[in-house]
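Fold and contact review
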Amino acid sequence: MTTRDAAPVEVFVCGGTGLVGSALVAQLRAATSTPAGAIVQLRGFCSSREVTRERDGATTGIAGDSVSDDEILACCSSTDARVCVVDCTSSQLVTDKYASWLERGWNVATANKKGNSGDFSYYKRCVEATKSPDGGKWFVEATIGAGLPTVSTLRTLVATGDEVESVQGIFSGTMSFLFNTWDGESAFSETVAMAKAAGYTEPDPREDLNGLDVARKVVIAARECGLSISLDDVRVESLVPSELESCSAEDFMTRFSENDAVIAARARDAAQEGCVLRFVGKVDVRRKTATVELSKFPKTHPFATLSGADNIFEITSARYGPTGASTPLIIRGPGAGAQVTAAGVFGDVISLASRR
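Keep in mind the model is a prediction, meaning the values are calculated, not measured.

So, on to the overall build of the protein. A count of helical and extended segments in the protein gives 15 helices and 13 strands. By the compact-globule yardstick of 21 Å for 356 residues, the protein fits well, its C-alpha radius of gyration being 21 Å. With the C-alpha coordinates of the protein rotated into their principal frame, the extents come out at 65 × 50 × 40 Å. Here the protein, with 356 residues, has 52% of them falling under the buried criterion. Of the roughly 15,700 Å² that the protein leaves accessible, carbon and sulfur atoms contribute 50%. Distance between charge centroids for the protein: 5 Å, based on 36 positive and 45 negative side chains.

Take a look at the structure:
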């Protein structure tokens, strides 16, 4: 074991003043008096405008929208520190730095889905960097289900020789809340408006309803299962009518009620079969396909019994499910929220720090 391997992990948080980032910074500071504080040390964080050094509180402006390597190094104890850059942003500019960070031996822990669901060649470059003896490690647990152990479970199954057959689930806390709340009889547009007012949706609900967020998580799950797929390979059913895709957010909210009759008819059809509607992402590993769609599930199915904004994932494999004369593996719990997402990232940093 080298001196560097034994050193504490020095953490720099990109997006450290946002909802998730500020929660993580607070968790890291609170851990200083715990055993975790001996192996993980917060060194600095940044917003899109400035860098803050944790040790002395000094701040420096950022030239552009993305922090530089030199600005991160200025926060560390030495140039050969054991660095972990944490990405709590949704910025493509930050993910574009992952490969170079990993190749120089820095570690990356992220809640940003754009890196491991984006361009496949860039994704492979990042993966290859982690395999190099001098490369850093890449942790992505919080990119699916916030703090839920979804990615780590898939990795454990694959690493232990299990054959994952499918992964399906309710990947979006927003879409979970909408279909757990809507009774199938009232206007669906009213439920969307209520969820928007309560802060459950993006400011423009189309960003939730179009299925792209779920599609990104489906791509991540598929790649963890060994499939070489990209966003373009995912068949996505958008709940945004084509005629409302380009209008203003205000016009969308006004006119979305025009679609109420269509979705209400689907809910009635499902109810006649003793089913409910759920917005689900699915990876069929055997067929090498990925989908995002509004599907029917019996009222006794685990997806139908979900409440609030929880996420749920059903994994079938050679060990779990009909093939293994067993039941599928179910992972369920809060899939969104600043505290649980930050905890998911923090858990990845602890995993890194525990490696010697």
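On we go from here.
Turning next to the sheet that holds strand 6 (residues 107–110). Strand order in the open sheet formed by seven strands is 4-3-2-1-5-6-7, and the pairing between neighbours is mixed. Across the chains shown, the open sheet's two edge strands, defined by having one partner strand only, are strand 4 (59–61) and strand 7 (138–139). Where strand 3 (residues 50–53) meets strand 4, three bridges bridge the pair, whose relative direction is antiparallel. If you follow Glu50 over to strand 4, its bridge partner there is Gly61. Taken strand by strand, helix 15 (residues 338–354) contacts strand 1 (9–14), strand 2 (40–46), strand 5 (82–87), strand 6 and strand 7, and its axis lies near 165° from that of strand 5.

Across the nine residues that make up helix 9 (residues 173–181), a large majority, seven, are buried. Among the residues making up helix 9, those that are buried are Gly173, Thr174, Met175, Ser176, Phe177, Leu178 and Phe179. Backbone nitrogen of Thr174 and a side-chain oxygen of the N-cap are separated by 3.3 Å at the start of helix 9; the cap is Ser172.

A few words on the pattern of salt bridges. This structure, assessed with the given rule, holds 16 salt bridges. Between Arg53 and Asp56 there is a salt bridge whose closest N-O contact spans 3.3 Å. A relative accessible area of 26% means that Arg53 is categorised as partly exposed. Among the salt bridges present, the one from Glu103 reaches Arg125, with a minimum N-O distance of 2.8 Å. A residue pair is termed long-range when its members are at least 10 positions apart, and Glu103 in helix 5 (residues 98–103) and Arg125 in helix 7 (residues 120–131) qualify at 22 residues. A network of salt bridges, in which partner residues are shared, links Lys113, Asp213 and Lys217.

By way of backbone hydrogen bonds, the strands of a sheet pair with one another, either parallel or antiparallel. Overall, mixed pairing links the six strands, which are arranged 9-11-10-8-12-13 in an open sheet. If you trace the sheet from one side to the other, it starts and ends with strand 9 (234–236) and strand 13 (329–334), each paired once. Between one strand and the next, the sheet's axes are offset by a mean angle of 25°, whatever the strand orientation. Across six bridges, strand 12 (residues 310–317) lies against strand 13 in antiparallel orientation. Within the sheet, the bridge partner assigned to Asp310 lies in strand 13 and is Pro334. Running over the sheet, helix 9 touches strand 8 (164–170), strand 10 (275–284), strand 11 (289–298) and strand 12 and is turned about 155° from strand 10.

Each pocket or cavity is described by its volume, and for the largest pocket that value is around 1,400 Å³. Taken together, 49 residues make up the lining of the largest pocket; nearest its centre are Val20, Ser90, Lys113, Glu202 and Asp213. Per-element tally for the lining of the largest pocket: the top contributor is helix 12 (residues 212–224), with four residues. Here the residues of the lining of the largest pocket sort into 18 nonpolar, 22 polar and nine charged. There is about 670 Å³ of room inside the second largest pocket.

The next subject is the environment of Phe188. Here Phe188 lies in helix 10 (residues 188–197). Residue Phe188 is classed as buried on the basis of its relative accessible area of 1%. Those residues in contact with Phe188 that sit more than four places away from it in its chain are Leu178, Phe179, Trp182, Leu209, Phe256, Asp260 and Ile263.

Attention now goes to the side chain of Thr150. Checked against the element boundaries, Thr150 lands in helix 8 (residues 150–159). Beyond its immediate chain neighbours, meaning those up to four positions away, Thr150 contacts Glu141, Ile144, Phe313 and Ile331.

Further remarks concern the packing of aromatic side chains. Overall, the coordinates contain twelve aromatic pairs when judged by the stated rule. Residues Tyr98 and Trp138 carry aromatic rings whose centres are separated by 6.1 Å and whose planes lie at 70° to one another, so their mutual orientation is edge-to-face. Of this pair, Tyr98 sits in helix 5 while Trp138 sits in strand 7, and the two are 40 residues apart along the sequence. On the basis of relative accessibility, which here comes to 9%, the residue Trp138 falls in the buried class. Measuring from ring centre to ring centre gives 3.9 Å for Phe177 and Tyr200, while their planes differ by 10°; the resulting arrangement is stacked. Here the residue Phe177 occupies a position in helix 9, and Tyr200 occupies one in the loop between helix 10 and helix 11 (206–209), the gap between them amounting to 23 residues. Members of the aromatic cluster, joined through ring pairs, are Tyr98, Trp101, Phe120, Tyr123 and Trp138. Lying across the ring of Trp106, Arg104 places its NZ or CZ 4.2 Å from the centre. Its end group placed over the ring of Tyr123, Arg223 keeps NZ or CZ at 4.7 Å from the ring centre.

Conventions we followed
- Residues numbered from 1 in each chain as written.
- Predicted model: local features only at pLDDT ≥ 70, side-chain atom pairs only at ≥ 80, totals over all residues.
- Heavy atoms only, no water.
- Helix = DSSP H or I, 4+ residues; strand = E, 2+ residues; numbered from the N terminus.
- Rg over C-alpha atoms; globule rule 2.2 N^0.38 Å.
- Buried < 20%, exposed > 50% of the residue type's maximum accessible area, 1.4 Å probe, protein only.
- Areas by Shrake-Rupley, 256 points an atom, 1.4 Å probe, with all protein chains shown as cover.
- Lys, Arg positive; Asp, Glu negative; His and termini not counted.
- Charge placed at Lys NZ, Arg CZ, Asp CG, Glu CD.
- Pairing = 2+ DSSP bridges.
- Contact = heavy atoms within 4.5 Å.
- Axes fitted to C-alpha atoms, helices over the stretch in contact; angles between N-to-C directions.
- Polar contact = N/O pair within 3.5 Å; in protein donor to acceptor, adjacent residues only side chain to side chain.
- Salt bridge = Lys/Arg side-chain N within 4 Å of Asp/Glu carboxyl O.
- 1 Å grid on protein atoms, 1.4 Å probe; cavity = no way out; pocket = protein on both sides within 12 Å on 5 of 7 lines; lining within 4 Å.
- Points joined across faces, edges and corners; volume = space filled by probe spheres on them.
- Nonpolar A, V, L, I, M, F, W, Y, C, P; charged D, E, K, R; others polar.
- Phe/Tyr/Trp six-rings, centres within 6.5 Å; stacked < 30°, edge-to-face > 60°.
- Lys NZ or Arg CZ within 6 Å of the ring centre and 35° of its normal.

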